Amino acid sequence: IIDWDNCSQEIGDHPCDFTLIDQDGKEFNLYDHVGKVIIIDLSAMWCGPCQMAALEVEDLQKEYGDDMIYVTILIENNSYNPPTRANISSWAKSFGIKTAPVLGASRNFISSDPNVGWPLEAWPQFHIVDKNMILIESFKGFYPGKIEDKINEHIEASSDESQ
């Protein structure tokens, strides 16, 4: 069993499980997606690079749907407060995100201590979890094409391991 006593958000560890509510009001549980590469995108609604990343989400989710899930977790709304359900729905609608979960959290979700929360060094911050639920990479900032390159790299790596 993975819980807060034997998990962390450090590279090479099993990330701690979480359940948050998505843009449709449904619960999203991280560990329901074992077997897929998981992209966790920590974003803020006011952040320009986060908005640019959001423009790619739906296309990426459709392209890699069976192998990957792209999870956007909004930490702050435009007023620097935790996003409301309306904020989360608005974000998803504004960027045409229909098949990928957009979740809301707060600054309690992030921490410089990976034993307490998810590291955030800059907006946006991306964390990649492999098919075996191991945190394999984190990187900050948005660069066009980088997320797709990382998805390809990690889907190919997990395909090579299973052969």
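Here, the structure is the one placed above.
In this report, the structure presented in the accompanying data block is examined. Since the structure is predicted, the reported quantities are computational estimates derived from the model, not experimental observations.

So, the sheet that holds strand β3 (residues 37-44)
- Across the sheet, which stays open at both edges, the 5 strands sit in the order β5-β4-β3-β6-β7 with mixed pairing between neighbours. Both edges of this open sheet fall to β5 (102-104) and β7 (135-140), since each of them pairs with a single strand only. Ignoring strand direction, the axes of neighbouring strands in this sheet form an average angle of 20 degrees.
- One ladder, built from 5 bridges, connects strand β6 (residues 125-129) with β7; its direction is antiparallel. Bridge pairing in β7 places Val 129 opposite Leu 135.

Observations concerning the state of the cysteines
- Across all of its chains, the model carries 2 disulfides by this definition.
- Disulfide pairing is shown between Cys 7 and Cys 16; the S-S distance is 2.0 Å. Handedness of the Cys 7-Cys 16 disulfide follows from its S-S torsion of about 100 degrees: it is right-handed. With respect to burial, Cys 7 and Cys 16 carry one shared label: buried.
- Two residues, Cys 47 and Cys 50, share a disulfide whose sulfurs are 2.4 Å apart. With the S-S bond torsion at 80 degrees, the cross-link from Cys 47 to Cys 50 turns out right-handed.
- You can call Cys 47 buried: its relative accessible area is 4%.

A closer look at the packing of aromatic side chains
- Considering all chains together, one arrives at 8 aromatic pairs under this definition.
- Ring centres of Phe 18 and Phe 28 lie 6.2 Å apart, and the angle between their planes is 35 degrees; on these two criteria the pair is classed as tilted. Taken together, the positions of Phe 18 in the segment before β1 (19-21) and Phe 28 in strand β2 (residues 27-29) put the pair 10 residues apart, joining distant regions of the chain.
- Owing to a relative accessible area of 8%, Phe 18 belongs among the buried residues under this scheme.
- Pairing Trp 46 with Tyr 80 gives two aromatic rings, centres 5.3 Å apart and planes at 50 degrees, and the pair type is tilted. Within this pair, whereas Trp 46 is found in the loop between β3 and α1 (48-64), its partner Tyr 80 is found in the loop between β4 (68-76) and α2 (85-94), the two being separated by 34 residues in sequence.
- Residue placement shows Lys 150 over the ring face of Phe 139; its charged tip is 5.9 Å from the ring centre.

Points about the nonpolar core
- Ranked by size, the top nonpolar core spans 49 residues in total, and within it Phe 18, Tyr 70, Ile 73 and Ile 147 carry the most contacts.
- Contributing elements (two or more residues each) for this core: β3, α1, β4, α2, β5, β6, β7 and α3 (146-162).
- With 7 residues, the single largest contributor to this core is β4.
- Filtering out sequence-adjacent residues up to four positions away, Phe 18 remains in contact with Phe 28, Asn 29, Leu 30, Ile 40, Ile 73, Leu 103, Phe 109 and Trp 118.

As for unusual backbone geometry
- Cis geometry marks the peptide bond from Trp 123 to Pro 124; its omega dihedral reads -20 degrees.
- You will see that Tyr 80, though not glycine, has its phi angle at about 65 degrees, which is positive.
- Phi at Met 133 takes a positive value of approximately 65 degrees, unusual for a residue other than glycine.
- As for its position among the elements, Met 133 is in the loop between β6 and β7.
- Note on Met 133: relative accessible area 2%, which makes it buried.

Conventions and cut-offs
Residues numbered from 1 in each chain as written. Predicted model: local features only at pLDDT ≥ 70, side-chain atom pairs only at ≥ 80, totals over all residues. Heavy atoms only, no water. Pairing = 2+ DSSP bridges. Helix = DSSP H or I, 4+ residues; strand = E, 2+ residues; numbered from the N terminus. Axes fitted to C-alpha atoms, helices over the stretch in contact; angles between N-to-C directions. Disulfide = S-S within 2.5 Å. Buried < 20%, exposed > 50% of the residue type's maximum accessible area, 1.4 Å probe, protein only. Phe/Tyr/Trp six-rings, centres within 6.5 Å; stacked < 30°, edge-to-face > 60°. Lys NZ or Arg CZ within 6 Å of the ring centre and 35° of its normal. Core = buried A, V, L, I, M, F, W, Y, C linked by side-chain atoms within 4.5 Å. Contact = heavy atoms within 4.5 Å.

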